[in-house]
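Okay, here's what each chain looks like letter by letter:
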Amino acid sequence: MSSPDPQVRAARNPSTPPSVRGPVVAVTGAAGGVGALLTERLAASEEIKQVIAIDERRGECAAAQWHILDVRDPAIADKLRGADVVVHLALDLDLGSDTAARTAYNVRGTQTVLTAAAAAGVHRVVLCTSAMVYGALPDNELPLSEDAELRATAEATGVGDLLEIERLARRAPRAHPGLNVTVVRPAVLVGGTDTALTRYFESPRLLVVAGSRPAWQFCHVEDLCSALEYAVLEKVDGELAVGCDGWLEQEEVEELSGIRRMELPSAVALGAAARLHRIGLTPSPAGDLAYTMYPWVISGSRLHDAGWRARWTNEEVLAELLEEVSGRHTVAGRRLGRKDATAAGAAGATVALLGAAAVVRRARKARRR
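First, a word on what this report is: a plain description of the structure on this page. (Residues numbered from 1 in each chain as written. Predicted model: local features only at pLDDT ≥ 70, side-chain atom pairs only at ≥ 80, totals over all residues. Heavy atoms only, no water.)

### Regarding the sheet that holds strand β6 (residues 180-186)
Two orientations exist for strands paired in a sheet by backbone hydrogen bonds: parallel and antiparallel. Filter applied, for reference: For two strands to be treated as a pair, DSSP must find at least two bridges joining them. A run of DSSP states H or I qualifies as a helix once it reaches four residues; a run of E qualifies as a strand once it reaches two. Both are numbered from the N-terminal end. To obtain an axis, a line is fitted to C-alpha atoms, over the contacting stretch when the element is a helix, and the angle between two such axes runs from 0 to 180 degrees between their N-to-C directions. A contact between two residues is defined here by any heavy atoms of the two lying within 4.5 Å.
In space, the seven strands of this open sheet follow the order β3-β2-β1-β4-β5-β6-β11, with parallel pairing throughout. Looking along the sheet, the strands with just one partner apiece sit at the ends: β3 (65-68) and β11 (239-242). Recorded for the sheet is a direction-independent mean angle of 20° between the axes of neighbouring strands. As paired strands, strand β4 (residues 85-88) and strand β5 (residues 124-128) are joined by four bridges and run parallel to one another. Residue pairing in the sheet places Val-85 in a bridge with Arg-124 of β5. Together, β1 (24-28), β4, β5 and β6 form the strand contacts of helix α4 (residues 99-119), whose direction differs from that of β4 by roughly 180°. Sheet strands touched by helix α5 (residues 159-175): β5 and β6. Its angle to β6, the strand with the most contacts, is close to 155°.

Next comes the structure, spelled out in structure tokens:
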């Protein structure tokens, strides 16, 4: 009798690894954050042949093949040889990073990865930006399609870098024929993340700008990794928006969170935020406020048409976010100590913001005397 087919033997003996014919995938920024989660997910997938993990330090995924280097190093091309797909997640969007250094790292890193991927014979690069690139504007449709114009400006944290990465993504197939580029744009990302938008929920009061029309849509990191895997396996391509289905109005967010609002005129809120950021008291520029004022909800139709579905709802992600930030206290994007937070809680986040602005004005007047 002839021996059973190898796949049949594997099915009878679960300890026997199946013959994997899937792609070899390289992940940059693989040691932490979304990169670490995706590396673990891909390494455990029977549809992936091998994972090449690239970062400036070694991560915890023992199943991946690790290379330790900076993504701006042209030597990365040698590490990418044999890969079918590269997922580039080595981005610095830290609120505390120096702006010029952050931009240099993000843009140069993406340029190097795209060039190195083409030189190494990689046929697909997956980039991850943000739905923030659509811009938060009062006349945005609800929801926006993936093909909507990118109307963001560089006034919010890291958005200028993301817009430049989007430009590089559009140019890459022309500069490197045969290289396909997929861009994934998540909504407000939650799950071990620290951004100006997640810090919004660390305030003792939710700042609401009078006359604004906020609409909140979240994306859990698990859903982002699932969408990235779809792109890796070429189940979908192009420009992809990913997030929970639908959105929450500001009133729903306040009811679910139990955090009351503090409403201010637009000129007052934006002016104070700009002054505080300019003198270095807060990490978030005034442009970040726009994303809490106007909608930038996306439809995610391309992923939906490919059969992908978010596992998390907006309500569930908001609940997880509130649990994550419990015990943290932020005013105007700046983390406070417990003593400061008690005072801020009594007055409200916005009052504290305006009070700080008044202190700054008094200090300036005093210096002029």
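### Let's talk about the packing of helix α8 (residues 250-257) against helix α11 (residues 314-325)
Our working rule: To sort the angles, those under 35 degrees are grouped as roughly parallel, those over 145 as roughly antiparallel, those from 65 to 115 as roughly perpendicular, and the leftovers as oblique. By the definition used in this description, the sense in which the near helix is turned from the far one sets the handedness, with an anticlockwise turn below a right angle giving left-handed and a clockwise turn giving right-handed. Any residue outside Ala, Val, Leu, Ile, Met, Phe, Trp, Tyr, Cys, Pro, Asp, Glu, Lys and Arg is labelled polar, Gly included; the first ten of those are nonpolar and the last four are charged.
For the pair α8 and α11, the least separation of the axes is 11 Å and the interaxial angle reads 50°. Here α8 is positioned oblique relative to α11, judged by the angle of their axes. In this structure, α8 crosses over α11, and the sense of that crossing is right-handed. Where α8 abuts α11, its residues Val-253, Leu-256 and Ser-257 lie against Glu-315, Leu-318 and Leu-322. Considering only residue class, the contact of α8 with α11 consists of four nonpolar, one polar and one charged.

### Observations concerning the pattern of salt bridges
Where we set the bar: Only one rule defines a salt bridge in this text: a Lys or Arg side-chain nitrogen within 4 Å of an Asp or Glu carboxyl oxygen. Only protein chains enter the calculation, and the probe is 1.4 Å; a residue is then buried if its accessible area is under 20% of its type maximum, exposed if over 50%, and partly exposed in between.
Throughout the structure, instances matching the rule amount to 13 salt bridges. Ionic pairing is found between Arg-81 and Asp-78, a salt bridge with its closest N-O pair at 3.5 Å. Accessibility expressed as a relative area gives 46% for Arg-81, which makes it partly exposed. Owing to a relative accessible area of 52%, Asp-78 belongs among the exposed residues under this scheme. Ionic pairing is found between Arg-302 and Asp-147, a salt bridge with its closest N-O pair at 2.5 Å. One end of the pair, Arg-302, is in helix α10 (residues 301-305); the other, Asp-147, is in the loop between β5 and α5, and 155 residues separate them in sequence. Overall, Asp-147 belongs to the exposed group, its relative accessible area being 57%.

### Regarding helix α9 (residues 266-278)
Rules: Here a helix's expected span is defined as the number of its residues, less one, multiplied by 1.5 Å.
Between its first and last C-alpha, α9 extends 18 Å over 13 residues, near the 18 Å set by a 1.5 Å rise per residue. Just downstream of α9 lies Gly-280, where phi reads positive at about 85°.

### What to know about the side chain of Asp-288
Condition: His residues and chain termini do not enter the charge count, which takes Lys and Arg as positive and Asp and Glu as negative.
By the element assignment, Asp-288 lies in the loop between α9 and α10. Buried and without a salt bridge, Asp-288 has Arg-102 as its closest oppositely charged side chain, separated by 8.3 Å. In contact with Asp-288, not counting residues within four places along its chain, are Glu-155, Ala-156, Thr-157 and Ala-196.

### Some remarks on the nonpolar core
When a protein is soluble and globular, its nonpolar side chains tend to lie buried together. Filter applied, for reference: In this text, buried Ala, Val, Leu, Ile, Met, Phe, Trp, Tyr and Cys residues form a nonpolar core when linked through side-chain atoms within 4.5 Å.
With 71 residues, the main nonpolar core has Leu-80, Phe-201, Trp-216, Phe-218 and Tyr-291 as its most contacted residues. At seven residues, α5 tops the list of elements feeding residues into this core. In contact with Trp-216, other than residues within four places in its own chain, are Val-188, Leu-197, Tyr-200, Phe-201, Trp-247, Leu-248, Gln-250, Val-253, Thr-292 and Asn-314. Val-34, Val-51, Val-221 and Trp-308 belong to the second-largest nonpolar core, a separate cluster that totals 37 residues.

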